Amino acid sequence: MEFTKWQGCGNDFVLIDCRERELADYGAFAKKVSDRHFGIGADGVLVVLDSNRADYRMRIFNTDGSEAEMCGNGIRCFARYLRDHGVTDRDKFTVETGAGILVPEIVRQDGAITGVRVDMGEPVLAADEVPVTGYGSGRAVDVPIEVAGSDWRMTAVSMGNPHCVVFVDDLASVPIERIGHLFETQARFPKKTNTEFVQVLDRTHLRMRVWERGAAITLACGTGSCATLVAAVLTGRSERAADIILDGGTLHNEWAADNHLYMTGPAVEVFSGTVEV
Ligand SMILES: N[C@H](CCC[C@H](N)C(=O)O)C(=O)O
């Protein structure tokens, strides 16, 4: 099986084009190739498929083999694969995902590709649709949650996948390695959750680190960066457009008047190869 290896702000993926040949078990493939010692090494696997609802279909599998509804850094890499490898000659197209049909667009400066801008659709804020339990059917904005024996305040946002956004005064002092998994598996999140720890630098710059569902700490999370902006706006901490500064790079996000999130950032092909399946 041929693959290409991609990274978006350091969140890295093995991408396989399965329009001609599907695999029997993408989850098992993802667990095998994501391993950074016994495999290729990645935060997950992106699968290119045909769609009868959009131009293409993207599936995303975490390192633990679980399938997620959506991946923000991943869809930027997916879009560049389609454009750079001649699958399409268009700069804008539709992609069917677990979060609905989303629209990536290649961004150029003086003709050269500098990144990808993605219409990530609308955030889902009804707690029981994130889903998160114990907060009724309204929004769970700046609500209490107990994790690791401490009381935290969080805002729950779905971008197709669940996010728990926690604002902190000093990001460097948060032991994410120790508590990330406890947030991920907190019983209030029946589908588990991605958790973003955010320090507000100013009203247009947010510093975020993430413990991802099914992938642990990654250098960036695109859907998480969108959830971060939504939570910051809802709690009065930021403007509706801001830079989200991650360990592996920066994403520029806007929660526009049409209620859609627009995320702009890089997507880089690192290498390609073949792997036995
Ligand atoms: N671990 C995530 C999927 C990958 C999302 C992240 N890598 C992104 O860029 O949005 C989940 O299980 O919901």
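Because the structure is a prediction, the values reported are computed rather than measured. (Residues numbered from 1 in each chain as written. Predicted model: local features only at pLDDT ≥ 70, side-chain atom pairs only at ≥ 80, totals over all residues. Heavy atoms only, no water.)

Notes on the overall build of the chain
Line of reasoning, step 1. A count of helical and extended segments in the chain gives 4 helices and 18 strands.
Line of reasoning, step 2. A globule of 277 residues ought to have a C-alpha radius of gyration of about 19 Å, and the chain, at 18 Å, matches this closely.
Line of reasoning, step 3. A principal-axis box enclosing the C-alpha atoms of the chain has dimensions of 50 × 40 × 35 Å.
Line of reasoning, step 4. Burial statistics for the chain: of 277 residues in total, 53% are counted as buried.
Line of reasoning, step 5. Taking all contacts inside the chain whose residues are at least 6 apart in sequence as the whole, residues at least 24 apart take part in 60%.
Line of reasoning, step 6. With the model as given, the accessible surface of the chain reaches about 11,400 Å², and the carbon-plus-sulfur share is 46%.
Line of reasoning, step 7. Seen as two clouds, the 28 positive and the 40 negative side-chain charges of the chain have centres 1 Å apart. (Helix = DSSP H or I, 4+ residues; strand = E, 2+ residues; numbered from the N terminus. Rg over C-alpha atoms; globule rule 2.2 N^0.38 Å. Buried < 20%, exposed > 50% of the residue type's maximum accessible area, 1.4 Å probe, protein only. Contact = heavy atoms within 4.5 Å. Areas by Shrake-Rupley, 256 points an atom, 1.4 Å probe, with all protein chains shown as cover. Lys, Arg positive; Asp, Glu negative; His and termini not counted. Charge placed at Lys NZ, Arg CZ, Asp CG, Glu CD.)

Description of the packing of aromatic side chains
Line of reasoning, step 1. This model, assessed by the stated rule, comprises 6 aromatic pairs.
Line of reasoning, step 2. Between Trp152 and Phe197, the aromatic rings sit 6.4 Å apart at their centres with planes inclined by 70°, giving edge-to-face as the arrangement. One end of the pair, Trp152, is in strand E10 (residues 150–158); the other, Phe197, is in strand E12 (residues 194–202), and 45 residues separate them in sequence.
Line of reasoning, step 3. Trp152 sits in the buried class, given a relative accessible area of 17%.
Line of reasoning, step 4. Following the ring pairs from residue to residue traces out a cluster consisting of Trp152, Phe183 and Phe197.
Line of reasoning, step 5. The lysine or arginine in question, Arg237, covers the ring of Phe167, its NZ or CZ lying 4.1 Å from the ring centre.
Line of reasoning, step 6. The side chain of Arg240 reaches across the aromatic face of Trp255, ending 4.3 Å from its centre. (Phe/Tyr/Trp six-rings, centres within 6.5 Å; stacked < 30°, edge-to-face > 60°. Lys NZ or Arg CZ within 6 Å of the ring centre and 35° of its normal.)

Here's the deal with the pairing of E10
Line of reasoning, step 1. In this sheet, E10 lies alongside strand E9 (residues 143–147) in antiparallel orientation, the contact comprising 5 bridges. Each residue of the ladder has a partner; that of Pro144, found in E10, is Arg153.
Line of reasoning, step 2. Pairing geometry for E10 and strand E11 (residues 162–167), over 4 bridges, is antiparallel. Bridging across to E11, Val157 finds its partner in His163.
Line of reasoning, step 3. Between the antiparallel neighbours E10 and E11 lie 3 residues, among them Gly160 with a positive phi of about 100°. (Pairing = 2+ DSSP bridges.)

With respect to the site of the ligand
Line of reasoning, step 1. The environment of the ligand is made up of 14 residues, and the closest members are Gly72, Glu212, Arg213, Gly222 and Thr223.
Line of reasoning, step 2. Asn194 is positioned with one of its side-chain polar atoms (N or O) 2.9 Å from an oxygen atom of the ligand.
Line of reasoning, step 3. Protein contact buries 99% of the 360 Å² of open area that the ligand shows by itself.
Line of reasoning, step 4. Going through the elements one at a time, helix H2 (72–84) and helix H4 (222–234) are the ones with two or more residues in the shell around the ligand.
Line of reasoning, step 5. Counted by class, the shell around the ligand contains 4 nonpolar, 8 polar and 2 charged residues.
Line of reasoning, step 6. Both domains that meet at the shell around the ligand, namely domain 1 (2–121 + 265–274) and domain 2 (127–259), each give it at least three residues. (Near = heavy atom within 4 Å. Polar contact = N/O pair within 3.5 Å; in protein donor to acceptor, adjacent residues only side chain to side chain. Nonpolar A, V, L, I, M, F, W, Y, C, P; charged D, E, K, R; others polar. Domains from an automatic or database assignment.)

Focus: the environment of Gly248
Line of reasoning, step 1. Note on placement: Gly248 falls in the loop between strand E15 (241–246) and strand E16 (249–255).
Line of reasoning, step 2. Spatially, the C-alpha atoms of Gly248 and Asp202 are 20 Å apart, while their sequence positions differ by 46 residues.
Line of reasoning, step 3. For Gly248, the contacting residues outside a window of four places in its chain are Cys9, Gly10 and Leu219.

Observations regarding the pattern of salt bridges
Line of reasoning, step 1. Counting across every chain of the model gives 16 salt bridges.
Line of reasoning, step 2. Lys5 is the salt-bridge partner of Asp12, the closest N and O atoms lying 2.7 Å from each other. Summarising the burial analysis for this pair, Asp12 and Lys5 share the class buried.
Line of reasoning, step 3. Residue Glu69 is joined to Arg213 by a salt bridge in which the shortest nitrogen-to-oxygen separation is 2.7 Å. With Glu69 in the loop between strand E5 (67–68) and H2 and Arg213 in the loop between strand E13 (205–212) and strand E14 (216–218), the pair connects residues that are 144 residues apart, well separated along the chain. (Salt bridge = Lys/Arg side-chain N within 4 Å of Asp/Glu carboxyl O.)

Quick notes on the confidence of the model for the chain
Line of reasoning, step 1. For the chain, per-residue confidence averages 97 on the pLDDT scale, and 100% of positions sit at 70 or higher.
Line of reasoning, step 2. The complex prediction reports pTM at 0.97, with the ipTM value standing at 0.96. (pLDDT = per-residue confidence, 0-100.)

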